[in-house]
Amino acid sequence: MTVVSETQRKAKVDVAIWAGLVPENAHDPALLQGLLDQGALGFKSFMSPAGRHTTLLTLVLKLLLLLLLLLTLMLRLLLLLLLTLMLRLLLVMLLTLLLRLCLLLLSLLLVMLLTLLLRLLLLLLLLLNILLMVVVMVVLLLLLLTLMLRLLLLPPKLLV
C-alpha cells in the first residue's frame, strides 16, 4: 500500500504529496524515482538554502551574542582571579598570624626558662650561703675548741 492510497483512505480532503529536492538527493535518480513510485506528485526545491535566510540583522545579533558570551567569560575569569588573590591574601594573613603565635609562644617559653634559671641560681646562691655559714661556724667552733684546749693545758700559774 502506498502512502497516497493510505492517506486517501483516511482523509476526507484532496491530498497531494510533494517530495523535497535537496542537495543530498539531487544527484541520485534512483532515490528520486523511488519517491515518485511511492506517490509523490513532484519535487519542491529552492534556489537558496531553505530556512537558512541570513540577514545582516541576524549576523549582528549573533555577533552581539558572541560578544556577550565573551564578556561573561571574561567576568568569570576576573572573578576567579579575584577569588584566587583573596585566597592568597588569606593564606598570607594566616601564615603571619601563625608566625606571630609561634614568636609569642617562643618568647613566653624563653621568659619561663630564664625565670626558672634565675630561681635555680638564687637557690644555688642560698645553698652556698648556708654552706659558707656552716663552714664559718665549724671554723669558729674549732677556734673555740682550740682556745679551750690551750686554756686547759696551760699551767695554772699562767692563768693569773
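Residues numbered from 1 in each chain as written. Predicted model: local features only at pLDDT ≥ 70, side-chain atom pairs only at ≥ 80, totals over all residues. Heavy atoms only, no water.

*Asks:* Give me the overall build of the protein: which residues, what numbers.
*Replies:* Looking only at helices and strands, the protein has three helices and two strands in total. Scanning the protein from its N terminus toward the C terminus, one meets helices and strands in the order α-β-α-β-α. A burial count over the protein gives 4% of its 160 residues as buried. Counting contacts in the protein only where the partners sit at least 6 residues apart, residues at least 24 apart contribute 40% of the total. Summed over its atoms, the accessible surface of the protein is roughly 15,200 Å², and 79% of this surface lies on carbon and sulfur atoms. (Helix = DSSP H or I, 4+ residues; strand = E, 2+ residues; numbered from the N terminus. Buried < 20%, exposed > 50% of the residue type's maximum accessible area, 1.4 Å probe, protein only. Contact = heavy atoms within 4.5 Å. Areas by Shrake-Rupley, 256 points an atom, 1.4 Å probe, with all protein chains shown as cover.)

*Asks:* Would you mind going over the side chain of Asn25 in detail, with residue names and values included?
*Replies:* Along the chain, Asn25 falls in the loop between strand E1 (18-20) and helix H2 (29-37). Among the polar contacts listed, one links the side chain of Asn25 to the backbone oxygen of Gly20, at a separation of 3.0 Å. In terms of polar contacts, Asn25 uses its side chain to reach the backbone amide nitrogen of Val22, at 2.9 Å. Beyond its immediate chain neighbours, meaning those up to four positions away, Asn25 contacts Gly20, Leu31, Leu32 and Leu35. (Polar contact = N/O pair within 3.5 Å; in protein donor to acceptor, adjacent residues only side chain to side chain.)

*Asks:* Which residues make up the environment of Leu32, and what values do they have?
*Replies:* Considering the arrangement of structural elements, one finds Leu32 in helix H2. Expressed as a C-alpha distance, the spacing of Leu32 and Gly20, which sit 12 residues apart in the sequence, is 9.4 Å. The residues touching Leu32, leaving out its near neighbours within four places in the chain, are Leu21, Asn25, Ala26 and Phe43.

*Asks:* Describe the confidence of the model for the protein, and please don't skip the residues or the numbers.
*Replies:* Mean pLDDT for the protein: 88, with 88% of residues reaching 70 or above. Least confident of the elements in the protein is helix H1 (residues 3-10), whose mean pLDDT is 74; most confident is helix H3 (residues 56-153), at 95. (pLDDT = per-residue confidence, 0-100.)

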